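Per-entry structural report
The primary structure of each chain is shown beneath.
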Amino acid sequence: MLDRAVSELSKPRRRLPNQRWQIYLQKPEFAQNLAGLTNISPIVSQLLINRGMETPEQVQAFLNPESLVLPSPLEDFPDLAISLELLQNAIASQTKIAICGDYDADGMTSTALLLRSLRTLGAQVDYAIPSRMHEGYGINKRIVEEFHSEGVGLILTVDNGISAFEPVARARELGLAVIITDHHDIPQKLPPANAILNPKLIAESSPYRGVAGVGIAYILAVSLAQQLGETKGLIQPMLALFTLGTIADLAPLTGVNRRWVKRGLQHLPKSNLPGVRALIQVGGVQAREEGQGGQGGQGGISPPTPHSPLPTPKSLKPEDIGFRLGPRINAIGRIGNPQTVIELLTTDDMGVALELAKQCEQTNTSRQLMCEQIEQEAIAYVETEFVASLQKDRVLVVVQPNWHHGVIGIVASRLVERYGVPVFIGTYEDEKHIRGSARGIPEFHVFEALEYCHDLLGKFGGHKAAGGFSLPAENLQMLRSRLIEFANQCLEPQHLKPLLKIDAEVNLNHINQQLYQQLNALHPCGMDNPDPVFWTPNVQVVEQKIVGKGHIKLTIAQTVDNQQYKIKAIAWRWGDYFQLPPRVDVAYKLRENYFNGNTTIELELIGVRLPIQLQQFFASPPTPLSTTFEYNQRHYTCGFYKNGIEAELRIKNSEGKVLAMQPGHIIGLLGTNRQNAKEVDISQPQYDNIIQAALQALSVKS
């Protein structure tokens, strides 16, 4: 037989993505009943059950958010009335109002929203945003003193302030009134502001509970305009900024967020805000009819050019903001000057807006290059220093000099995706100080981990999924040890794989425009209402190639009732996994590709694994280990054999030729012995078909 291991001749290929697949329990009868009561398809019904909906009333409220009966914000926010009174008095007396914003997309859109609305309502208003590089997040004493020296009488924080006890106390000492609008977690001691608007302070059952900072700003601005009787021409521009900030900040798309974002996505393409129009143009966003065209450009790979004509469409999709507009705003906050975005979103001059949007575009390009470089350096460092001990450490602490701390949070997320463990990444501000970002996994609480290390840190903050921190450089090794200690208390080895939640199994012959249109009922999708994820078992990878910057473009096929169905797919940033094995289970989202006037449904792969049948065979080969079968009127023997540390499937014909393959390999060996065996691509139909026949024979025999 063939004695040399297949892997000696196989081309090197990185492991498959390290994932845990969690497939929702299917409830076909319940789904069918709910579908009948609500006039939706059973597949949409199952998706809604997966998202926690069990009654026709819940389904109707979700599918038609405009039917939601909203309480007045004045009822749900105890301090809204006093906030409106303070603002009305400031406008009437022409007292100077100063907004203190934040440098992320939520903070910048909130600042722009309140600047525009307050100016329109006759207020004297200006703003300040702390320096990301030199001051960090939130209002501080320097800004308070500066506002006081400029004659400000009322400070309005947006997307920050809930933890700023000392700066707010100083403002009150100086005689300034303070309204805090924020959505971050509530500290043990609230700052002594005149009014605090924070959804975390209201009832959990409130539909306003999930709003981001820009949601609080929107509620405040609309309520003020209504009280002053000046809503005309104000609501649509504010709705556009609310929609941008809410999606970019990854706020949950439930409750009022779902209702207002759905409206906003329809209005954005025809927005009269020059800044929004310029962002859409420079970002190459092709808005479209509902359910049309999810990806622009050739084969969904290349974005449209900034000068391509924009159709007059019905609606944008959240991914247009999440992947196109949001990053261009966030890039400025990360490595540029937030003033660029504030001016972009508040100018009424289209020429100025286009120039500023181009600056956002250039900054985002720089941010992308910076991220790629830091990511590659971080991966090289991890592979050299830490990868061997990851299962034991259960956390990554990666610190290197000369990284830009404005983008290391993005790199942390990519490392979590790659290695499946919580990541704490940092860089040196100077020889003695480190500043960093952290990203977690579902079973790990980032803020609790930072609190566990509080005596080693300077400033720190965050929540369950993410955080930021600083520390003296001399404490780095102790921090690593302490975080490893914490991670080993809360994480088990099985947690160290990214969790992939999958809605339902679908065969390729059921993927069509009709299914895609049915899924539109769930839009807009985002946080707490994710895009549906489907899976298909044991598909054949027919073609695959690398495109763009490390993406895999492929065609997969499945045979159903003796008929083969093919579909194109894209796997973003999966170049490391090229080439994929010839047979895999795939998990994916559905996307429309709109190109040259043609619309097709394609798959966006987010998960892949060896077919469950193949995994089971090679993990515990059936008994007996060999059998005979017939294929195309020829007799064969096949069986599992140990070769080194791995099991190997061997198939032998009547002439003594043997085909040998190992799981996950795309190259097999064919010959009468290993010395004269040639490499063959076992994904080719003539080999794949016989392998499937052999596995079927062994399955029946076992």
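Residues numbered from 1 in each chain as written. Predicted model: local features only at pLDDT ≥ 70, side-chain atom pairs only at ≥ 80, totals over all residues. Heavy atoms only, no water.

1. Things to note about unusual backbone geometry
Selection rule: Helix and strand labels come from DSSP, where a helix needs a run of H or I of at least four residues and a strand needs a run of E of at least two; each type is numbered from the N terminus.
Going from His-523 to Pro-524, the amide bond is cis rather than trans, its omega being 5°. By the secondary structure assignment, Pro-524 is in the loop between helix 21 (513–519) and strand 14 (534–547). Residue Gln-579 is bonded to the preceding Phe-578 through a cis peptide linkage, with omega at -5°. Mapped onto the elements of the fold, Gln-579 is located in the loop between strand 16 (563–571) and strand 17 (583–595). Phi at Arg-394 is positive, roughly 65°, even though this residue is not glycine. Positive phi, normally seen in glycine, also occurs at Asn-632, with a value near 50°.

2. Considerations on the nonpolar core
This is how it is decided: To define a nonpolar core, start from buried Ala, Val, Leu, Ile, Met, Phe, Trp, Tyr and Cys residues and group those joined through side-chain atoms within 4.5 Å. The buried label goes to any residue with under 20% of its type's maximum accessible area, the exposed label to any with over 50%, and the partly exposed label to all in between, with areas taken from a 1.4 Å probe on protein chains only. Note on contacts: a residue pair is in contact if any heavy atoms of the two residues lie within 4.5 Å.
Formed by 77 residues in total, the largest nonpolar core has its most connected members in Leu-87, Ile-99, Leu-114 and Leu-118. Element by element, the count of residues in this core is highest for helix 10 (residues 213–228), at 10 residues. When near neighbours in sequence (up to four residues on either side) are disregarded, Ile-99 contacts Thr-111, Leu-114, Leu-115, Leu-118, Val-125, Asp-126, Tyr-127, Ala-128, Phe-147, Leu-156 and Val-158. Val-382, Ile-434, Leu-450 and Ala-473 belong to the second largest nonpolar core, which has 46 residues in total.

3. Notes on the packing of helix 2 (residues 28–38) against helix 4 (residues 56–63)
Between two packed helices, the angle of one axis relative to the other and the distance separating the axes together describe the packing. Selection rule: Lines fitted to the C-alpha atoms define the axes, with helices restricted to the stretch that makes contact. Angles between their N-to-C directions range from 0 to 180 degrees. Angular relationships are summarised with four words: roughly parallel below 35 degrees, roughly antiparallel beyond 145, roughly perpendicular across 65 to 115, and oblique for the angles in between. Should the near helix be turned anticlockwise from the far one by less than a right angle, the crossing is left-handed, and should it be turned clockwise, the crossing is right-handed.
Across the interface, helix 2 lies against helix 4 with an axial gap of 10 Å and an inter-helix angle of 60°. As judged from the angle between their axes, helix 2 and helix 4 are oblique. Crossing of helix 2 against helix 4: the hand is right-handed. Each of Leu-34, Leu-37 and Thr-38 in helix 2 lies in contact with helix 4, whose residues at this interface are Pro-56, Val-59 and Gln-60.

4. Considerations on empty space enclosed by the protein
Applied cut-off: Throughout, the protein atoms alone are placed on a 1 Å grid, and a set of points is a cavity if a 1.4 Å probe fits but cannot get out or a pocket if it is open with protein on both sides within 12 Å along at least five of seven lines; lining residues have an atom within 4 Å of a point. Grid points are joined across faces, edges and corners, and a volume is the space filled by probe spheres set on the points.
Tallied over the full model, the rule gives three cavities of 30 Å³ or more. Considered as a void within the structure, the second largest cavity measures approximately 100 Å³ in volume. In this structure, the second largest cavity is lined by Lys-317, Glu-319, Tyr-516, Leu-519, His-523, Asp-531, Pro-532, Lys-589, Leu-590 and Arg-591. Sorting the residues of the lining of the second largest cavity by element identifies helix 21 and strand 17 as the ones contributing at least two each.

5. Structural notes on the confidence of the model for the chain
Just so we agree on the cut-off: Predictor confidence is given residue by residue as pLDDT, running from a minimum of 0 to a maximum of 100.
When pLDDT is averaged along the chain, the result is 86, and 90% of the positions lie at 70 or above. In the model, residues 1–13 has pLDDT below 50 throughout and makes 47 contacts with residues more than four positions away in sequence or in other chains. Contacts of residues 290–313 to residues separated by more than four positions or lying in other chains number 65 contacts, the stretch itself having pLDDT below 50.

6. Looking at the state of the cysteines
Linking two cysteines covalently via their sulfur atoms produces the bond known as a disulfide. Defined as follows: Two cysteine sulfurs form a disulfide in these notes if their separation is within 2.5 Å.
Applying the stated criterion across every chain yields a total of zero disulfides. Free cysteine: Cys-371, not disulfide-bonded; nearest cysteine sulfur from Cys-360 at 16 Å. According to the relative accessible area criterion, Cys-371 is buried, its value standing at 0%.

7. Digging into helix 18 (residues 408–419)
Quick reminder of the rule: Expected span, for any helix, means 1.5 Å times one less than how many residues it has.
Its 12 residues place the ends of helix 18 16 Å apart at the C-alpha level, agreeing with the 16 Å of an ideal helix rising 1.5 Å per residue. For helix 18, every residue scored as buried is listed here: Ile-408, Gly-409, Ile-410, Val-411, Ala-412, Arg-414, Leu-415, Val-416, Arg-418 and Tyr-419. Those residues of helix 18 that are buried lie in contact with helix 14 (318–335), helix 16 (350–385), helix 17 (390–393), strand 7 (396–400), strand 8 (423–430) and strand 9 (433–439).

8. Notes on the sheet that holds strand 9
Cut-off, in case you're wondering: For two strands to count as paired, DSSP must find a minimum of two bridges between them.
Strand order in the open sheet made by the five strands is 7-8-9-11-10, with mixed pairing throughout. Edge positions in the sheet fall to strand 7 and strand 10 (460–462), since each of these pairs with one other strand and no more. This sheet shows a mean twist of 15° between the axes of neighbouring strands, independent of strand direction. Pairing geometry for strand 7 and strand 8, over five bridges, is parallel. What sits directly across from Val-399, in strand 8, is Gly-426.

9. Some remarks on the sheet that holds strand 5 (residues 177–181)
Pairing between the strands of a sheet comes from backbone hydrogen bonds, and it takes one of two forms, parallel or antiparallel. The five strands lie next to each other as 3-2-4-5-6, forming an open sheet whose pairing is parallel. Here the strands that pair on one side only, and so sit at the sheet edges, are strand 3 (124–128) and strand 6 (195–197). On average, each strand axis in the sheet is tilted by 20° relative to the strand beside it, whichever way the strands run. Pairing of strand 4 (residues 152–158) with strand 5 involves five bridges; the strand directions are parallel. Residue pairing across strands places Thr-157 opposite Ile-180, the latter belonging to strand 5.

10. Here's the deal with the packing of helix 6 (residues 80–93) against helix 10
Applicable threshold: In this classification, the charged set is Asp, Glu, Lys and Arg, the nonpolar set is Ala, Val, Leu, Ile, Met, Phe, Trp, Tyr, Cys and Pro, and all remaining amino acids, among them Gly, are polar.
Viewed as axis vectors pointing N to C, helix 6 and helix 10 meet at an angle of 60°, and their least axial separation amounts to 10 Å. Between helix 6 and helix 10, the angle falls in the class oblique. For the pair helix 6 and helix 10, the crossing hand works out as right-handed. In contact with Leu-80, Ser-83, Leu-84, Leu-87, Gln-88 and Ile-91 of helix 6, helix 10 contributes Ile-219, Leu-220, Ser-223, Leu-224, Gln-227 and Leu-228. When the residues that make up the contact of helix 6 with helix 10 are grouped by side-chain class, the tally is eight nonpolar, four polar and no charged.

11. Focus on the packing of aromatic side chains
Put simply, the test is: Stacked, tilted and edge-to-face pairs are distinguished by plane angle, under 30 degrees for stacked and over 60 for edge-to-face with tilted covering the rest, among Phe, Tyr and Trp rings (Trp via its six-membered ring) whose centres lie within 6.5 Å. Whether a charge sits over a ring depends on NZ of Lys or CZ of Arg being within 6 Å of the ring centre and within 35 degrees of the ring normal.
Inspection of every chain in the model, using the stated rule, returns 14 aromatic pairs. Centre to centre, the rings of Tyr-208 and Trp-260 are 6.3 Å apart; their planes meet at 40°, and the pair counts as tilted. Of this pair, Tyr-208 sits in the loop between strand 6 and helix 10 while Trp-260 is found in helix 12 (residues 255–267), placing the two residues 52 residues apart along the sequence. Judged by relative accessible area, which is 9%, Trp-260 ranks as buried. Judged by centre distance (5.3 Å) and plane angle (50°), the ring pair of Tyr-452 and Phe-486 falls under tilted. With Tyr-452 in helix 19 (residues 446–452) and Phe-486 in helix 20 (residues 476–490), the pair connects residues that are 34 residues apart, well separated along the chain. A relative accessible area of 27% places Tyr-452 in the partly exposed class. Members of the aromatic cluster, each reached through a chain of ring pairs, are Phe-77, Tyr-208, Tyr-218, Phe-242 and Trp-260. Over the aromatic face of Trp-535 sits the side chain of Arg-609, whose NZ or CZ is 5.3 Å from the ring centroid.

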